[in-house]
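Observations on the model geometry
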Amino acid sequence: MGRKLAAVTVGFIIAWYAGAMVNFFPFSIAGDLTVNAIAYTGLLVCVVMVLCAGWIVEEIHRAGADREGGKDRDASRMGGDVPGGEERAE
């Protein structure tokens, strides 16, 4: 987990620095450096949110696969076949 977090942080810093080196290229048509930097940073934040959302979904799936033979206990609410699910009081 710490390695992925460090990779995302370092990647963000490198991407922001690279964007600054090319005058925040996709947004350089605005003409104002502040507007360019804010727009580019917003783009990078969106990319980081997508990466983190994928990371969270991966962790949720891994946690679900680790429980009782790969089946999630909460699936019993949706009518899924879960070993031991009938013992749980709703």
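If you're wondering where the values come from, they're calculated on a predicted model, not measured in any experiment.

Cut-offs applied
- Residues numbered from 1 in each chain as written.
- Predicted model: local features only at pLDDT ≥ 70, side-chain atom pairs only at ≥ 80, totals over all residues.
- Heavy atoms only, no water.
- Axes fitted to C-alpha atoms, helices over the stretch in contact; angles between N-to-C directions.
- Helix = DSSP H or I, 4+ residues; strand = E, 2+ residues; numbered from the N terminus.
- Parallel < 35°, antiparallel > 145°, perpendicular 65-115°, else oblique.
- Left-handed = near helix turned anticlockwise from the far one by under 90°.
- Contact = heavy atoms within 4.5 Å.
- Patch = residues over 30% accessible without salt bridge, like charges linked within 9 Å, V, L, I, M, F, W, Y side chains within 5 Å.
- Areas by Shrake-Rupley, 256 points an atom, 1.4 Å probe, with all protein chains shown as cover.
- Salt bridge = Lys/Arg side-chain N within 4 Å of Asp/Glu carboxyl O.
- Buried < 20%, exposed > 50% of the residue type's maximum accessible area, 1.4 Å probe, protein only.

Put simply, helix α1 (residues 2-21) and helix α2 (residues 33-66) touch, their axes get as near as 11 Å, and they point 160 degrees apart. One finds that α1 runs roughly antiparallel with respect to α2. By crossing handedness, the relation of α1 to α2 is classed as right-handed. Along the contact surface, α1 presents K4, L5, V8, F12, A15, W16 and G19, while α2 presents A37, Y40, T41, L44, V45, V48, W55, E58 and E59.

Here the focus is a nonpolar patch on the surface. A cluster of nonpolar side chains, Y17, M21, V22 and F25, forms an exposed patch at the surface whose accessible area comes to about 510 Å². In this fold, M21 is placed in helix α1. We classify M21 as exposed; its relative accessible area is 58%.

Turning to the environment of I38, a few remarks are in order. Looking at the secondary structure, you find I38 in helix α2. Separated by 14 residues in sequence, I38 and F24 place their C-alpha atoms 9.5 Å apart.

Another aspect to go through is the pattern of salt bridges. Oppositely charged side chains can pair when the atoms bearing their charge come close. In total, this model carries three salt bridges according to the counting rule given. Of the charged contacts in the structure, one is a salt bridge between K4 and E58, with a shortest N-O distance of 3.1 Å. One end of the pair, K4, is in helix α1; the other, E58, is in helix α2, and 54 residues separate them in sequence. With a relative accessible area of 34%, K4 lands in the partly exposed category. Here E58 and R62 are joined by a salt bridge, their closest N and O atoms 3.0 Å apart.

Moving on, we get to the environment of F27. Mapped onto the fold, F27 is located in the loop between α1 and α2. Take F27: its relative accessible area is 26%, and that puts it in the partly exposed class. A sequence separation of twelve residues divides F27 from A39, and the C-alpha atoms of the two residues are 6.8 Å apart. Once you skip the residues sitting within four places of it in the chain, F27 turns out to touch N36, A39, Y40 and L43.

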